[in-house]
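What follows is each chain in one-letter form.
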Amino acid sequence: MLTDFVPLFLMMALALGLALSLLKLHQLLGPKRPNLIKTAAYESGMDPIGTARERYSVKFYLVAMIFIVFDVEVVFLYPWAVSFRDFLAADAGLGVMMVVSFFILVLGIGLLYDIKKGGLEFE
Amino acid sequence: MEITLNWYLSLSAVLFVIGVLGVLMRRNAIVILMSVELMLNAVNLTLVALSQAMGDVAGQILVFFVMAVAAAEAAIGLAIIIALFRKKVTVDVNEFHLFKY
Amino acid sequence: MVAQLLFFLLAIVAIAAALGMLIARNPVNSALWLVLNLFCIAGLYLTLNAQFIGIIQILVYAGAIMVLFLFVIMLLNLAELPRREDIDWKRGAAFILGMGVLAQLVYIVAMSFDVLPHPPAAQEAVATGSAQVLARALFTEYALPFEVIGLLLLVATIGAVMLAKRRFV
């Protein structure tokens, strides 16, 4: 029932409230005497050069994309993992195992392709 | 007042229409893709609400498949946007008139 | 009482976040509004006793898909591009069309008030949301669509690598 989730919602609200209030409180309570050097970006004692918003390499996109595919794969495998014993008890363990194995095999081909094409190499 | 199925369906209708407006009115191709995700989510909400109301698990299975399709769509759609950006250095859909350059 | 409050809170925040996504100028802000919206929808799934779907929603959508969107926004460095007003208010036709769709949908929902099934007893509802129940249907009755989804993900991997893996940056 919904009441089972009340602690979860409370915890979410608490976490959100804590994060927001800590972000805001230090602005309200802390002393502020800014000057030019204090407000400059921290660059290990050097003068900062250029913008902080450099373009990211396309490598990041490739890694994130491969992550998504395997994230979805794990999401699909999770229900199988938690009810593996139920399937065994219902004498359907082998059939379901073959279904899942084929699924993993298909996605394994994708992984092999990525490795072959160098999608996972990070120079 | 009880929260019935109609409330969920109405909420998902509103979210879906905001997604439609995003697709039709924004110029940024990435925001258009995000609006498509919003529309998919609105439909997912409908599916889950109906699945619960009818006591049938099929709707939730469908949500699984929609999420996998959304992940694939985001991966390919963003790859296409990156490819277009290399040609034109913009993501403004008004600048994309042709399939071929 | 808690259920009603929770529904209205989540619904209002979800709609506000969706509108925020629609009108935010910076695509990064749009993406963050959409993340808030996805969290609210995950909460609504919990109110519908679909625990597993709710967690998956946060894991896949908020955790993976939106990260990909933010990566691409940063990759293309869109904040640095010359930016005009991104939303096209001149497209009044689009707005009217959208409102037309909304009117249709609301009309259908309102008309079907009596036809819609009433929520079943709580006990039955609990039984539909857990991972075990989903697994029973997913790997037996829906085994073929499951394999097709595997093929779709394979195609997505190959396509994205092919599209993105040319000399760039």
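Residues numbered from 1 in each chain as written. Chains lettered and ligands numbered in written order. Predicted model: local features only at pLDDT ≥ 70, side-chain atom pairs only at ≥ 80, totals over all residues.

Enquirer: Kindly report on the overall build of chain C, identifying the contributing residues and their values.
Expert: The helix and strand tally for chain C stands at seven helices and zero strands. N-terminal to C-terminal, the α/β element order of chain C is α-α-α-α-α-α-α. When burial is assessed residue by residue, chain C has 37% of its 169 residues classed as buried. Residue pairs in contact within chain C that sit at least 24 positions apart in sequence constitute 55% of those at least 6 positions apart. (Helix = DSSP H or I, 4+ residues; strand = E, 2+ residues; numbered from the N terminus. Buried ≥ 20, exposed ≤ 12 C-beta atoms within 10 Å, placed from the backbone. Contact = placed C-beta atoms within 7 Å.)

Enquirer: Would you mind going over the overall build of chain A in detail, with residue names and values included?
Expert: Per the secondary structure count, chain A includes five helices and zero strands. Its helices and strands taken in sequence order, chain A reads α-α-α-α-α from the N to the C terminus. Over its C-alpha trace chain A gives a radius of gyration of 25 Å, far above what one expects of a compact globule, namely 14 Å for 123 residues. In terms of its C-alpha atoms, chain A occupies a principal-axis envelope of roughly 75 × 50 × 15 Å. Counting across all 123 residues of chain A, residues that qualify as buried make up 17%. (Rg over C-alpha atoms; globule rule 2.2 N^0.38 Å.)

Enquirer: Give me helix H2 (residues 27-47) of chain C: which residues, what numbers.
Expert: Three or four residues apart is the spacing at which side chains of an α-helix point the same way, because the helix has 3.6 residues per turn. With 21 residues, H2 of chain C extends 30 Å from end C-alpha to end C-alpha; this agrees with the ideal 30 Å at 1.5 Å per step. Phi turns positive, to about 65 degrees, at asparagine 49 of chain C, one or two residues after H2 of chain C. (Expected span 1.5 Å × (residues − 1).)

Enquirer: Would you mind going over the interface of chain C and chain B in detail, with residue names and values included?
Expert: The parts lose accessible area when they come together, and the size of an interface is often stated as this lost area. Chain C puts 70 residues into the contact, and the matching count from chain B is 61 residues. Broken down by secondary-structure element, the contributors of at least two residues to the side of chain C that touches chain B are helix H1 (2-23), H2, helix H3 (51-76), helix H4 (92-111), helix H5 (122-126), helix H6 (131-141) and helix H7 (143-164) of chain C. The element that contributes the greatest number of residues to the side of chain C that touches chain B is H3 of chain C, accounting for 11 residues. The class makeup of the residues in the side of chain C that touches chain B is 59 nonpolar, seven polar and four charged. (Nonpolar A, V, L, I, M, F, W, Y, C, P; charged D, E, K, R; others polar.)

Enquirer: Go over the environment of aspartate 114 of chain A, please, and point to the residues and values.
Expert: Looking at the element boundaries, aspartate 114 of chain A is found in helix H5 (residues 93-117). Contact partners of aspartate 114 of chain A, with chain neighbours within four places excluded, come to Ile66, Gly119 and Leu120 of chain A together with Thr157 and Val161 of chain C.

Enquirer: How would you sum up the interface of chain A and chain C? Please name residues and give values.
Expert: Facing 43 residues of chain A, the contacting portion of chain C comprises 45 residues. For the side of chain A that touches chain C, the elements supplying multiple residues, two or more each, are helix H1 (6-29), helix H3 (58-82) and H5 of chain A. At 19 residues, the largest contribution of residues to the side of chain A that touches chain C is made by H3 of chain A. Across the side of chain A that touches chain C, the residue classes tally to 32 nonpolar, four polar and seven charged.

Enquirer: So what's going on with the domain arrangement of chain C? Which residues, and what values?
Expert: Domain annotation for chain C reports domain 1 (1-80) and domain 2 (130-169). Here the C-alpha centre of domain 2 of chain C lies 22 Å away from the C-alpha centre of domain 1 of chain C. (Domains from an automatic or database assignment.)

Enquirer: I'd like to hear about the nonpolar core, residue by residue, with values.
Expert: Ranked by size, the top nonpolar core spans 106 residues in total, and within it Ala71 and Ala75 of chain B together with Leu68 and Val72 of chain C carry the most contacts. Here this core spans two domains, since at least three of its residues come from each of domain 1 (1-80) and domain 2 (130-169) of chain C. For alanine 75 of chain B, the contacting residues outside a window of four places in its chain are Met65 and Ile68 of chain A together with Leu68, Ala156 and Ala160 of chain C. (Core = buried A, V, L, I, M, F, W, Y, C linked by C-beta atoms within 7 Å.)

Enquirer: Run through the confidence of the model for chain C, naming residues and quoting values.
Expert: Low pLDDT marks regions whose predicted coordinates should not be analysed in detail. The predicted model of chain C averages 81 in pLDDT, with 80% of residues at 70 or higher. This complex was scored by the predictor with a pTM of 0.85 and an ipTM of 0.89. (pLDDT = per-residue confidence, 0-100.)

Enquirer: For the packing of helix H2 (residues 29-54) of chain B against H2 of chain C, give the residues involved together with the corresponding values.
Expert: Each pair of packed helices can be described by the angle between their axes along with the distance between the axes. Following both chains from N to C, one finds H2 of chain B and H2 of chain C inclined at 5 degrees, their axes separated by 11 Å at the closest point. As summarised for this structure, H2 of chain B and H2 of chain C are arranged roughly parallel, according to the angle between their axes. Facing H2 of chain B, whose interface residues are Ile30, Val31, Met34, Glu37, Leu38, Asn41, Leu45 and Val48 of chain B, H2 of chain C presents Pro27, Ser30, Ala31, Leu34, Asn37, Leu38, Ile41, Leu44 and Tyr45 of chain C. Of the residues assigned to the contact of H2 of chain B with H2 of chain C, the class counts are 13 nonpolar, three polar and one charged. (Axes fitted to C-alpha atoms, helices over the stretch in contact; angles between N-to-C directions. Parallel < 35°, antiparallel > 145°, perpendicular 65-115°, else oblique.)

Enquirer: Please set out H1 of chain C residue by residue, giving values where relevant.
Expert: Helix length check: H1 of chain C, at 22 residues, gives a terminal C-alpha distance of 32 Å against a target of 32 Å (1.5 Å per residue), a fit within 8%. Restricting attention to buried positions, one finds in H1 of chain C the residues Leu10, Ala11, Ala14, Ala17, Ala18, Met21 and Leu22 of chain C. Angular distribution of buried residues about the axis of H1 of chain C spans 145 degrees; they occupy a single face of the element. Every exposed residue of H1 of chain C that faces more than 90 degrees away from the buried side is listed here: Leu5 and Ile12 of chain C. Elements that come into contact with the buried residues of H1 of chain C comprise helix H1 (5-25) and H2 of chain B together with H2 of chain C. (Arc of directions from axis to C-beta.)

Enquirer: Run through the packing of H3 of chain A against H6 of chain C, naming residues and quoting values.
Expert: It is at 8 Å that the axes of H3 of chain A and H6 of chain C come closest, and there the two elements cross at 105 degrees. In terms of axis orientation, H3 of chain A runs roughly perpendicular to H6 of chain C. Counted together, Tyr78, Pro79, Trp80 and Val82 of chain A of H3 of chain A and Ala131, Gln132, Leu134, Ala135, Leu138 and Phe139 of chain C of H6 of chain C form the full contact between these two elements. In the contact of H3 of chain A with H6 of chain C, the residues fall into nine nonpolar, one polar and no charged.

Enquirer: Describe unusual backbone geometry, listing the residues and the values that go with them.
Expert: One non-glycine residue, aspartate 91 of chain A, lies in positive phi territory at about 65 degrees. Within the secondary structure, aspartate 91 of chain A is located in the loop between helix H4 (84-89) and H5. A count of 8 C-beta atoms within 10 Å places aspartate 91 of chain A in the exposed class. Positive phi is not limited to glycine here, since asparagine 49 of chain C has a value of about 65 degrees. Within the element layout of this structure, asparagine 49 of chain C appears in the loop between H2 and H3.

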